[in-house]
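Breakdown of the fold
Residues per chain, in single letters:
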Amino acid sequence: RAGRSGSAAAAMEAREPLRDVCGALRAVLARVREGEPGEGREPFELPRFWDALGQTFQVTSQEATKLSLAFSRPPLPSAEDCRKLSEDVQNAILAVATVYYWLPKGQGTTLRKMVRDATTEVVEGMIQLTDTILSAPVESLSQEQLISTGGVWEACEQVAKMPRGEYNQAAVVSALATCLGVVKDAVEEMEQALVEGQDPYGDIMEDEELGFRGNRDTYWSEADRQLLSSCMGLMKASKACLKKVLGAVKAHGKADSPEHIAQLDDIADIASEISPSVDELALSMYPPVNPLAVRLNVITQEAFLMNFLHFYRTSHVCPPSEEGWVQFLNGAVDHNMNKIKNFTQGQL
């Protein structure tokens with residue numbers, strides 16, 4: 001028994017370098033989250049950047065595999081081997097962070113955020129893997145370790161899926177597509193609820209805590225439905241707007257000057273406010289409907305949408321050929337807003 005406890009102590013000691021590396025990785029993570037990439041002295045080349053980022057992610061993935069395998073079966077690595085493994089992991093993560101810092105601000109904040117998020121995910125994944133190995137019983141491959149290793153692989157594969165078109169333009173296209181997906185889902189969900197009859201909670205079984213299923217609070221009245229049809233009009237206008245702007249950015253978006261890059265970033269920023277505001281509006285539309293809450297959410301939604309249309313119209317992405325649909329959507333938003341104000345006027 002003494003021998004066994006001695007070997008366990010030795011195994012714990014052998015893992016000590018891994019504990020140190022965990023602290024070092026947390027420091028790297030904090031720097032990546034808070035730090036700003038610098039403006040490099042050398043001329044920046046995007047293809048070279050992508051190659052380097054891809055290579056560092058690949059090396060990190062390999063180091064995660066080596067580390068996980070070393071601690072998956074006896075005999076466990078010696079203190080010296082563990083030191084070497086820990087060093088390799090730390091170097092791989094430092095290389096990932098270093099390449100992220102190559103990306104200058106001038107390339108656009110949307111692209112930078114995308115790369116920062118991917119970098120953060122890789123570092124977080126490696127921290128989780130080392131934590132899992134440190135907290136696992138000696139000489140056993142846990143389910144958590146397998147999941148953590150897979151998590152690092154998945155994070156490292158993200159780089160292959162990142163848009164690599166013309167600088168910031170491809171990143172903005174990707175960001176707009178994500179916003180459009182969220183809004184599409186919200187519109188479809190609400191359409192389905194409205195079509196499925198009087199009770200949107202029909203799929204929820206009777207529950208003692210919820211009370212009797214005939215509760216009036218789970219139904220839409222006729223007045224509710226009139227109000228909601230105008231809210232749906234506003235949600236559909238948001239969807240159409242994002243779809244049109246996405247197409248326009250693909251067709252006309254340029255990243256050939258600081259001004260154009262900044263305009264693309266602003267379009268992505270304003271779009272990122274539209275999807276959560278559509279979600280908030282959809283949530284307020286479920287019974288029991290509070291017309292005041294609906295009206296507040298509608299006003300927020302209108303503000304974001306009008307801001308988005310105005311900004312888009314004044315940017316390089318909107319040639320004269322695009323102005324017709326902008327005017328049409330402006331009219332659709334006004335029409336639905338007036339109806340909603342009339343429906344909710346008595347509540348104020």
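Residues numbered from 1 in each chain as written. Predicted model: local features only at pLDDT ≥ 70, side-chain atom pairs only at ≥ 80, totals over all residues. Heavy atoms only, no water.

Across its 24 residues, helix α4 (residues 79-102) extends 35 Å between first and last C-alpha, which sits within 8% of the 34 Å expected from 1.5 Å per residue. By the burial criterion, the buried members of α4 are Cys82, Leu85, Ser86, Asp88, Val89, Ala92, Ile93, Val96, Ala97, Val99 and Tyr100. (Helix = DSSP H or I, 4+ residues; strand = E, 2+ residues; numbered from the N terminus. Expected span 1.5 Å × (residues − 1). Buried < 20%, exposed > 50% of the residue type's maximum accessible area, 1.4 Å probe, protein only.)

Counted as a void, the largest pocket has a volume near 420 Å³. The biggest single contributor to the lining of the largest pocket is helix α5 (residues 109-135), with seven residues. Here the lining of the largest pocket is built from residues that sort into seven nonpolar, five polar and five charged. Among the domains, domain 1 (10-161) and domain 2 (168-199 + 216-344) are the pair contributing at least three residues each to the lining of the largest pocket. (1 Å grid on protein atoms, 1.4 Å probe; cavity = no way out; pocket = protein on both sides within 12 Å on 5 of 7 lines; lining within 4 Å. Points joined across faces, edges and corners; volume = space filled by probe spheres on them. Nonpolar A, V, L, I, M, F, W, Y, C, P; charged D, E, K, R; others polar. Domains from an automatic or database assignment.)

Let's shift gears to helix α2 (residues 16-34). Taking 1.5 Å of rise per residue, 19 residues should cover 27 Å, and α2 covers 28 Å from first to last C-alpha, within 8% of that figure. Among all positions in α2, only Pro17, Leu18, Val21, Cys22, Leu25, Val28, Leu29 and Val32 are buried. Buried residues of α2, viewed axially, fall in a sector of 140°; they line one side. When the buried face of α2 is taken as reference, the exposed residues oriented beyond 90 degrees from it are Asp20 and Glu34. (Arc of directions from axis to C-beta.)

Let us look at the confidence of the model for the chain. Summarising the model, the chain shows a mean pLDDT of 85, and 85% of its residues fall at 70 or more. Mean pLDDT across the secondary structure elements of the chain bottoms out at helix α1 (residues 2-14), with 58, and peaks at α4, with 93. Below pLDDT 50 for its whole length, residues 210-214 participates in 13 contacts with residues either more than four positions away or in separate chains. (pLDDT = per-residue confidence, 0-100. Contact = heavy atoms within 4.5 Å.)

In total, this model carries nine salt bridges according to the counting rule given. A salt bridge links Arg33 to Glu124, with the nearest nitrogen and oxygen atoms 2.4 Å apart. With Arg33 in helix α2 and Glu124 in helix α5, this residue pair connects regions lying 91 residues apart in the sequence. In this structure Arg33 comes out as partly exposed when scored by relative accessible area, which is 47%. Linking Lys66 and Glu63 is a salt bridge whose minimum nitrogen-to-oxygen distance equals 3.2 Å. Taken together, the residues Lys66 and Glu63, both in helix α3 (residues 46-70) and three residues apart, mark about one turn of the helix. (Salt bridge = Lys/Arg side-chain N within 4 Å of Asp/Glu carboxyl O.)

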